[in-house]
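What follows is the residue order along each chain.
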Amino acid sequence: MAGETTLSTLIRNMSPQLNPGEYVFCTLDDATRLEGSAPLGSFREREGLTVILERGEADRLGLSYDYSAAWITLEVHSSLSAVGLTATFAGALAQAGLSCNVVAGYFHDHLFVASKDAERALSTLRALAANAQAE
């Protein structure tokens, strides 16, 4: 099933949901340091392997991090080829003074915002969707 590509439909139907837990980004030079743990996400960069883990799991593994995030999922099934969704929600969050790190999954976009900003980010995203409904 193909995802949605129409920007106005994506914004109106994004339905942001806060996932439970606290998440951190860690970098590893050796994936064996994960000791069999399955990260929520990962990306190989020249400098090392970036992994997204639940904070408690990173603490258990003795991994360092400097950013603690809340995880918000946009429930709309967005196409990987959709144009403008990331720019639109990132712009709204930036206008509210909120940083955002985005991971695109096959079905949904996942946003990581500073833990202390989770509720403000949700409010901002919900207002963006509501304003699109009114147009």
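Thresholds, definitions, all that
- Residues numbered from 1 in each chain as written.
- Predicted model: local features only at pLDDT ≥ 70, side-chain atom pairs only at ≥ 80, totals over all residues.
- Heavy atoms only, no water.
- Helix = DSSP H or I, 4+ residues; strand = E, 2+ residues; numbered from the N terminus.
- Expected span 1.5 Å × (residues − 1).
- Buried < 20%, exposed > 50% of the residue type's maximum accessible area, 1.4 Å probe, protein only.
- Arc of directions from axis to C-beta.
- Contact = heavy atoms within 4.5 Å.
- Phe/Tyr/Trp six-rings, centres within 6.5 Å; stacked < 30°, edge-to-face > 60°.
- Salt bridge = Lys/Arg side-chain N within 4 Å of Asp/Glu carboxyl O.
- Axes fitted to C-alpha atoms, helices over the stretch in contact; angles between N-to-C directions.
- Parallel < 35°, antiparallel > 145°, perpendicular 65-115°, else oblique.
- Left-handed = near helix turned anticlockwise from the far one by under 90°.
- Nonpolar A, V, L, I, M, F, W, Y, C, P; charged D, E, K, R; others polar.

*Asks:* Which residues make up helix α4 (residues 118–134), and what values go with them?
*Replies:* Spanning 17 residues, α4 covers 25 Å between terminal C-alpha atoms, matching the ideal 24 Å at 1.5 Å per step. Of all the positions in α4, only Ala118, Ala121, Leu122, Thr124, Leu125, Leu128, Ala129 and Ala132 are classed as buried. Buried residues in α4, looked at end-on, bunch into an arc of 165°, giving them a common side. In α4, the exposed residues that point more than 90 degrees away from the buried face are Glu119 and Ala134. Elements in contact with the buried residues of α4: α1 (7–12), β1 (16–18), β5 (68–74), α3 (85–95) and β7 (109–114).

*Asks:* Pulling in residues and values, what's your account of the side chain of serine 78?
*Replies:* The topology assignment puts serine 78 in the loop between β5 and α3. Exposure remark for serine 78: the relative accessible area of 3% places this residue in the buried category.

*Asks:* Outline the packing of aromatic side chains, supporting the account with residue identities and numerical values.
*Replies:* If you walk through the whole model with that rule in mind, you get 6 aromatic pairs. A centroid spacing of 6.3 Å and a plane angle of 70° characterise the contact between tyrosine 23 and phenylalanine 112, whose relative ring orientation is edge-to-face. With tyrosine 23 in strand β2 (residues 23–28) and phenylalanine 112 in strand β7, this pair connects stretches of sequence that are 89 residues apart. Assigned by exposure class, tyrosine 23 and phenylalanine 112 land together as buried. Taken together, a centroid distance of 4.9 Å and an interplanar angle of 75° make the contact between tyrosine 106 and phenylalanine 107 edge-to-face. Grouped by ring-pair contacts, the aromatic residues Tyr23, Phe25, Tyr67, Trp71 and Phe112 constitute a single cluster.

*Asks:* Summarise the environment of alanine 127; cite the residues concerned and give the values.
*Replies:* Note on placement: alanine 127 falls in helix α4. Taking relative accessible area as the criterion, alanine 127 reaches 35% and is therefore assigned partly exposed.

*Asks:* Describe the pattern of salt bridges, listing the residues and the values that go with them.
*Replies:* The tally for this structure, following the rule as stated, stands at 4 salt bridges. With a closest N to O distance of 2.8 Å, arginine 55 and glutamate 22 form a salt bridge. In this pair, arginine 55 is assigned in helix α2 (residues 55–61) and glutamate 22 in the loop between β1 and β2, connecting sequence segments 33 residues apart. Beyond isolated ion pairs, a larger network of salt bridges with shared partners links Lys116, Asp117 and Arg120.

*Asks:* Got a sec to walk through the packing of α3 against α4? Specific residues and values, please.
*Replies:* In the contact formed by α3 and α4, the axes pass within 10 Å of each other and the chain directions differ by 125°. On the basis of the axis angle, α3 is oblique to α4. Considering only the axes of α3 and α4, their crossing is right-handed. In this structure, α3 contributes Thr88, Phe89, Ala92 and Leu93 to the contact, and α4 contributes Ala121, Thr124, Leu125 and Leu128. Classifying every residue of the contact of α3 with α4 gives 6 nonpolar, 2 polar and no charged.

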